[in-house]
Amino acid sequence: MPGDHSIAVDPGYGVDAPNVVHGERRQSLQGFEDVYTDIVDYIVRITHRIWEDQDVGYIYDTYAPGCRLYDDSGVHFGVEQLVSGTMQSINAFPDCRHYADDVIWAGTDTEGFVTSHRAINIGHHTGPWRWGEPTGRKLETWVIANCVVRNNEIYEEWVLYNTAAKLQQLGIDVLAAAREYGNSKDFPGLAERGFAEVDRIEGGRKPMPYPEPSSPGFDVEHEVRRLFHDVYNRRDLSAVDRIYARTVRWHGATNRTGYGRSDVRGMARNLLATFPDMGVRVDEVYWMGNDVDGYSASVRWSGAGTHRGYGLYGTPTGRRVHLWGISQLYFAQGEIVEEWSLFNEFDVLAQLLRDDPGE
């Protein structure tokens, strides 16, 4: 894990700003194109070239032929589907700008890099897409994409497009769109999804509090895993007060925002009330930083639960759903001072609202 933030997104970074000189290589990138100075520069600039320069064919140079892509609609294999989806999105939002907000990374060129790229998307809906004719409305939302990269190619990508937020801003009925999507032939049922069942209560035993750290000092991974376990498996919402700052800024799926511990607890409480048997597993966590400057952590997680309660999505349907998400957590002096979290909310709505659950 990088011990500082020296290789990071600079405030106001713009790859197409006039007179920008990217400079000498700051990081060993064996196997990468010479134009890139470090892994953050690589992620930001390939995104710009593909989406804003609209060099969609550059995907062939920067994604492995058999790459795996996980999104709201499940797992997809192969670069051609990625090229097709990108072209359709650019056609619907041809003036869309993708502003890099942050890139959290870890790894080396020999073992491979992992990156968590958060971007702000701003544009106008001037082309047709899956959900209908152009609306002309402005889109302003944010996305997170986590990638595994080696030798100039992305082998795996986990991306959340904040789909419900996009539909909402364009005046499209989110619930009707989710039902239509859930009924479509392309929608994967639970049996088709490649995820492990979450064992919240193993062997009939009650979920125990997460163990205390075995050594002194602040352990980012331990604190992250303890947070998710204690809140979502143990149902201990007081864990929020233990690790979040009083003035934490929180940004959630479908462009939700909040301030303070009560808003963080509120979202967790809503999820647990909606899915009373919900369990969560942390699938991946990496970070950059140190005790003095603070830490930036990327957390990818998955969960499952049954819609048996009142919370986020109205009258209980009794249907079981698969959830997965990406959270970016920012620590200062041992507390989380900012959080950006997305989960597959549109996909969850489709699982709940489809006419035939098909399980």
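Relevant structure appears above.
Residues numbered from 1 in each chain as written. Predicted model: local features only at pLDDT ≥ 70, side-chain atom pairs only at ≥ 80, totals over all residues. Heavy atoms only, no water.

**Q** Help me understand the overall build of the protein, please; the structure alone is not making it clear to me.
**A** Scanning the protein from terminus to terminus reveals nine helices and twelve strands. Whereas a compact globule of 359 residues would reach a radius of gyration of roughly 21 Å, the protein reaches 20 Å, a difference of no more than 12%. Referenced to the eigenvectors of the C-alpha coordinate spread, the extents of the protein come out at roughly 60 × 55 × 35 Å. Taking all 359 residues of the protein together, 54% fall into the buried category. Partitioning the contacts of the protein with sequence separation of at least 6, the portion at a separation of at least 24 is 64%. Only carbon and sulfur atoms are counted for the fraction: they give 49% of the accessible area of the protein, which is about 16,300 Å². (Helix = DSSP H or I, 4+ residues; strand = E, 2+ residues; numbered from the N terminus. Rg over C-alpha atoms; globule rule 2.2 N^0.38 Å. Buried < 20%, exposed > 50% of the residue type's maximum accessible area, 1.4 Å probe, protein only. Contact = heavy atoms within 4.5 Å. Areas by Shrake-Rupley, 256 points an atom, 1.4 Å probe, with all protein chains shown as cover.)

**Q** Which parts of the structure should I look at to understand the sheet that holds strand β4 (residues 112–124)?
**A** Paired through backbone hydrogen bonds, the strands of a sheet run either parallel or antiparallel to each other. With respect to topology, six strands assemble into an open sheet ordered β2-β1-β6-β5-β4-β3, the strand pairing being mixed. With one partner strand each, in any of the chains shown, β2 (74–77) and β3 (97–108) form the two edges of the open sheet. Each strand axis lies, on average, 15° off the axis of its neighbour in the sheet, ignoring direction. Pairing geometry for strand β1 (residues 63–71) and strand β6 (residues 153–160), over four bridges, is parallel. Along β6, the bridge assignment pairs Leu69 with Glu157. Set on the sheet, helix α1 (residues 39–52) makes contact with β1, β3, β4, β5 (138–150) and β6; between it and β3 the angle comes to about 145°. The strands touched by helix α3 (residues 79–92) within the sheet are β1, β2 and β4, with β1 carrying the most contacts at an inclination of about 60°. (Pairing = 2+ DSSP bridges. Axes fitted to C-alpha atoms, helices over the stretch in contact; angles between N-to-C directions.)

**Q** Teacher, can you tell me more about the layout of surface pockets here?
**A** Empty space among the atoms becomes apparent when a probe as large as a water molecule is rolled across them. In this structure, the largest pocket occupies an estimated 1,400 Å³ of space. Lining the largest pocket are 48 residues, and of these Asp71, Gly85, Thr86, Ser89 and Tyr161 sit closest to its centre. Of all the secondary-structure elements, those providing two or more residues to the lining of the largest pocket are α1, β1, α3, β4, β5, β6 and α4 (163–169). Looking at which element gives the most residues to the lining of the largest pocket, the answer is α3, with nine residues. Looking at side-chain class alone, the lining of the largest pocket contains 26 nonpolar, 16 polar and six charged residues. (1 Å grid on protein atoms, 1.4 Å probe; cavity = no way out; pocket = protein on both sides within 12 Å on 5 of 7 lines; lining within 4 Å. Points joined across faces, edges and corners; volume = space filled by probe spheres on them. Nonpolar A, V, L, I, M, F, W, Y, C, P; charged D, E, K, R; others polar.)

**Q** Explain the sheet that holds strand β11 (residues 320–332) here, please?
**A** Taken in spatial order, the six strands of this open sheet run β8-β7-β12-β11-β10-β9, and their pairing is mixed. The strands lining the two open edges of the sheet, one partner per strand, are β8 (256–259) and β9 (279–290). When strand polarity is set aside, the average angle formed by the axes of neighbouring strands in this sheet is 15°. With four bridges joining them, strand β7 (residues 244–252) and strand β12 (residues 335–343) adopt parallel strand pairing. Within β12, the residue paired with Trp250 across the bridge is Glu339. The sheet contacts of helix α6 (residues 220–233) involve β7, β9, β10 (294–306), β11 and β12, and relative to β9 the element is tilted by about 150°. Docked against the sheet, helix α9 (residues 345–353) engages β8, β11 and β12, running at close to 160° with respect to β11.

**Q** What exactly am I supposed to notice about the pairing of β8 here?
**A** Two faces belong to every sheet, and in a regular strand the side chains alternate between them. Note that β7 and β8 share four bridges and pair antiparallel. When the sheet's bridge partners are listed, Gly252 is paired in β8 with Arg256. Hairpin connection between β7 and β8: a loop of three residues separates the two successive antiparallel strands, and Thr254 in this loop has a positive phi of roughly 55°.

**Q** For this particular structure, what's the right way to read the pattern of salt bridges?
**A** Evaluated as defined, the whole model comprises 20 salt bridges. Ionic pairing is found between Lys138 and Glu140, a salt bridge with its closest N-O pair at 3.8 Å. Under the relative-accessibility criterion, Lys138 is labelled partly exposed at 46%. A relative accessible area of 42% places Glu140 in the partly exposed class. Between Arg242 and Asp230 there is a salt bridge whose closest N-O contact spans 3.6 Å. Of the two residues, Arg242 sits in helix α7 (residues 239–243) while Asp230 sits in helix α6, which places them twelve residues apart along the sequence. (Salt bridge = Lys/Arg side-chain N within 4 Å of Asp/Glu carboxyl O.)

**Q** Before we go on, may I ask you to explain empty space enclosed by the protein in this structure?
**A** All chains considered together, the criterion is met by three cavities of 30 Å³ or more. Lining of the largest cavity is provided by 20 residues; of these, Tyr232, Trp250, Ser327, Glu339 and Ser341 occupy positions nearest its centre. Going through the elements one at a time, α6, β7, α8 (261–274) and β12 are the ones with two or more residues in the lining of the largest cavity. Here the residues of the lining of the largest cavity are counted per class, giving 16 nonpolar, three polar and one charged. Roughly 60 Å³ of internal volume is contained in the second largest cavity. Contributions of two or more residues to the lining of the second largest cavity are made by α4, β12 and α9. Residues that form the lining of the second largest cavity fall into these classes: seven nonpolar, four polar and two charged.

Everything listed here is a matter of geometry and, on its own, says nothing about what the molecule does.
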